[in-house]
Amino acid sequence: MPVPTRKVQVDLANRSYDILIGPGLIEAAGGEIAARRPGARCAIVADETVAGLHLKRLEASLAAAGLAATRFLVAPGEASKSFAVFERVVEALINARIERGDLVVALGGGVVGDLTGFAAAVVRRGVDFVQVPTTLLAQVDSSVGGKTGINSAHGKNLIGAFHQPVLVLADSAALDTLPAREFRAGYAEVAKYGLIDDAAFFSELESNWREVFAGGPARLNAIETSCRAKAAIVGRDERESGERALLNLGHTFGHALEKATGFSQRLLHGEAVAIGMAQAFRFSARLGLCAPSVAARVEDHLAEVGLPTRIQHIQGGVSPVEGLMAAIAQDKKVSRGALTFILARGVGGAFVAKDVDPAAVEAFLKTEAAPA
């Protein structure tokens, strides 16, 4: 029996869009896109690994719906979120004569989605784009909400724009092709939604995470719950002027660790977020905001699914604490030099903490970085 497609709407008035979730959406992409943009020309951006797995099916679907498409491939990995690759993508879209009535289609994980969305935001001062996320992390987080961008030598995602997609097609069957490490990394972002403000969802994940990993209804439920949580926050705070900052739980520490490892395969984004979330709860406990047992519970669950939770778990180590502090000082949430962190009073009790004492952060990180 076919699995019904699930739909979540991101409510942004005249820029609202649907997130469709379920198996077979790559094959159905042409019909879904044509229904919204009949006759549009499409330019597909994908990384070379994803192209080998899914590109032909996407191209066939677009062709069957009467949509002409060109393709542009980039190297897989975080290194593609660079000025050099961004320039190549922009020039390729212009060369393909993509106009404002046409579409750019991002086929891949968070790197391709962020890179492609930023290119779409600036080509001809903005063309529409569609997200076809093929990783768990992209399906539950980066493909939704319109944050696009590339990395700077100073830190992650410091160059970019808010540019909402017109459609997100989260084909759950694509997740069956993911390496186990990539799926685990994406799961960190699923757990994040429970840790922010849904203690019941986190408890459910503690009990049923194996079913989420195995696939089937539990996986679809986790993706839909995550997307609904993010869509609701984005609908209330599109440009991160307040509440949306909660979605960065674990990211301030995590982005600093990614920079320290050179945005390399040594530490995937979701792995960095897992360490960062565990650190956020340990730091919260150190500040007396939550009980140490709460931080231990969070760390235990992340470790149980196979995610790293401490700096010592990073292959090859990281730069000195001073380097991490320099990266944290460049975080996007810094305001007039004051550090902002997402901390927690408990599972499901995250909040935005402003004017966090840098000395307290540095002392915490020195404890964290000490040999076990």
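Residues numbered from 1 in each chain as written. Predicted model: local features only at pLDDT ≥ 70, side-chain atom pairs only at ≥ 80, totals over all residues. Heavy atoms only, no water.

**Let's talk about the overall build of the protein**
Stage number 1. Looking only at helices and strands, the protein has 13 helices and 11 strands in total.
Stage number 2. A globule of 372 residues ought to have a C-alpha radius of gyration of about 21 Å, and the protein, at 20 Å, matches this closely.
Stage number 3. In terms of principal-axis extent, the alpha carbons of the protein reach across some 60 × 45 × 40 Å.
Stage number 4. Taking all contacts inside the protein whose residues are at least 6 apart in sequence as the whole, residues at least 24 apart take part in 75%.
Stage number 5. Split by element, the accessible area of the protein, about 14,700 Å² in all, is 52% carbon and sulfur.
Stage number 6. For the protein, the distance from the average site of its 39 positive side-chain charges to the average site of its 40 negative ones is 3 Å. (Helix = DSSP H or I, 4+ residues; strand = E, 2+ residues; numbered from the N terminus. Rg over C-alpha atoms; globule rule 2.2 N^0.38 Å. Contact = heavy atoms within 4.5 Å. Areas by Shrake-Rupley, 256 points an atom, 1.4 Å probe, with all protein chains shown as cover. Lys, Arg positive; Asp, Glu negative; His and termini not counted. Charge placed at Lys NZ, Arg CZ, Asp CG, Glu CD.)

**Digging into the UniProt feature "binding site: NAD(+)" (unreviewed entry) in the protein**
Stage number 1. Per the UniProt entry, the sites bearing "binding site: NAD(+)" (unreviewed entry) are Gly110, Val111, Val112, Gly113, Asp114, Thr134, Thr135, Lys147 and Lys156 in this numbering.
Stage number 2. One can find glycine 110 in helix H4 (residues 110-122).
Stage number 3. Position of lysine 147 among the secondary structure elements: in strand S7 (residues 147-152).
Stage number 4. Assessed through its relative accessible area of 26%, lysine 147 is described here as partly exposed. (UniProt positions renumbered as here; feature names shortened; annotations may be inferred. Buried < 20%, exposed > 50% of the residue type's maximum accessible area, 1.4 Å probe, protein only.)

**Quick notes on the packing of aromatic side chains**
Stage number 1. One pass over the structure, following the stated rule, counts 9 aromatic pairs.
Stage number 2. Look at phenylalanine 253 and phenylalanine 283: their rings are 6.3 Å apart centre to centre, the planes differ by 85°, and that puts the pair in the edge-to-face class. Note that phenylalanine 253 is positioned in helix H9 (residues 251-260) and phenylalanine 283 in helix H10 (residues 269-286), a separation of 30 residues in sequence. The exposure classification of phenylalanine 253 matches that of phenylalanine 283, with both residues buried.
Stage number 3. Each member of the aromatic cluster is reached from another via a ring pair, and the members are Phe183, Tyr187, Trp209 and Phe213.
Stage number 4. For the cation-ring pair, lysine 192 lies above tyrosine 193, with the distance from its terminal atom to the ring centre recorded as 5.1 Å.
Stage number 5. For the cation-ring pair, arginine 345 lies above phenylalanine 351, with the distance from its terminal atom to the ring centre recorded as 3.8 Å. (Phe/Tyr/Trp six-rings, centres within 6.5 Å; stacked < 30°, edge-to-face > 60°. Lys NZ or Arg CZ within 6 Å of the ring centre and 35° of its normal.)

**Considerations on the pattern of salt bridges**
Stage number 1. Taken as a whole and judged by the stated rule, the model has 28 salt bridges.
Stage number 2. Two residues, glutamate 27 and arginine 57, come together in a salt bridge whose shortest N-O distance is 2.6 Å. Taken as a pair, glutamate 27 in the loop between strand S2 (17-22) and helix H1 (29-36) and arginine 57 in helix H2 (residues 48-64) lie far apart in primary sequence, 30 residues in all.
Stage number 3. By relative accessible area, which is 43% here, glutamate 27 ends up partly exposed.
Stage number 4. Under the relative-accessibility criterion, arginine 57 is labelled partly exposed at 32%.
Stage number 5. Salt-bridge contacts for glutamate 299 lead to arginine 282; the nearest nitrogen and oxygen are separated by 3.1 Å. With glutamate 299 in helix H11 (residues 292-304) and arginine 282 in helix H10, this residue pair connects regions lying 17 residues apart in the sequence. Of the two residues, glutamate 299 and arginine 282, both sit in the buried class.
Stage number 6. The network of salt bridges with shared partners includes Glu78, Lys81, Asp114, Lys156 and Glu258. (Salt bridge = Lys/Arg side-chain N within 4 Å of Asp/Glu carboxyl O.)

**Observations regarding the side chain of aspartate 18**
Stage number 1. Residue position: aspartate 18 is located in strand S2.
Stage number 2. There is a polar contact of 3.2 Å between the side chain of aspartate 18 and the side chain of arginine 36.
Stage number 3. Setting aside residues up to four positions removed in sequence, aspartate 18 forms contacts with Lys7, Val8, Gln9, Arg36, Leu167 and Val168. (Polar contact = N/O pair within 3.5 Å; in protein donor to acceptor, adjacent residues only side chain to side chain.)

**Observations concerning the domain arrangement of the protein**
Stage number 1. By domain assignment, the protein separates into domain 1 (6-175) and domain 2 (192-214 + 249-369).
Stage number 2. The centre of domain 1, based on its C-alpha atoms, is set 28 Å off from the matching centre of domain 2.
Stage number 3. Listed per partner, the contact involves 14 residues of domain 1 and 11 residues of domain 2.
Stage number 4. Regarding the contact of domain 1 and domain 2, the summed buried area is about 1,100 Å², with carbon and sulfur atoms giving 58% of it. (Domains from an automatic or database assignment. Buried area = accessible area lost by both parts, 1.4 Å probe.)

**Considering the packing of H9 against H10**
Stage number 1. Taken N-terminus to C-terminus, the directions of H9 and H10 make an angle of 135°; their axes are 7 Å apart at the nearest point. Here H9 lies oblique to H10, going by the angle between them. The hand of the H9/H10 crossing is right-handed. For the pair H9 and H10, contact is made by His251, Phe253, Gly254, His255, Leu257 and Glu258 and by His269, Ala272, Val273, Ile275, Gly276, Gln279, Ala280 and Phe283, respectively.
Stage number 2. Broken down by class, the residue content of the contact of H9 with H10 amounts to 7 nonpolar, 6 polar and 1 charged. (Axes fitted to C-alpha atoms, helices over the stretch in contact; angles between N-to-C directions. Parallel < 35°, antiparallel > 145°, perpendicular 65-115°, else oblique. Left-handed = near helix turned anticlockwise from the far one by under 90°. Nonpolar A, V, L, I, M, F, W, Y, C, P; charged D, E, K, R; others polar.)

**Section: the environment of glycine 145**
Stage number 1. Topologically, glycine 145 is positioned in the loop between helix H5 (136-142) and S7.
Stage number 2. On the accessibility criterion, glycine 145 (0% relative accessible area) is buried.
Stage number 3. For the pair glycine 145 and alanine 231, spaced 86 residues apart in sequence, the C-alpha separation works out to 7.0 Å.
Stage number 4. Excluding anything up to four places from it in sequence, glycine 145 contacts Tyr17, Gln164, Val234 and Arg244.

**Quick notes on unusual backbone geometry**
Stage number 1. You will see that alanine 13, though not glycine, has its phi angle at about 55°, which is positive.
Stage number 2. Relative to the helices and strands, alanine 13 resides in the loop between strand S1 (6-10) and S2.
Stage number 3. The class for alanine 13 is exposed, based on a relative accessible area of 62%.
Stage number 4. With phi around 50°, arginine 124 is a residue other than glycine that occupies positive phi space.

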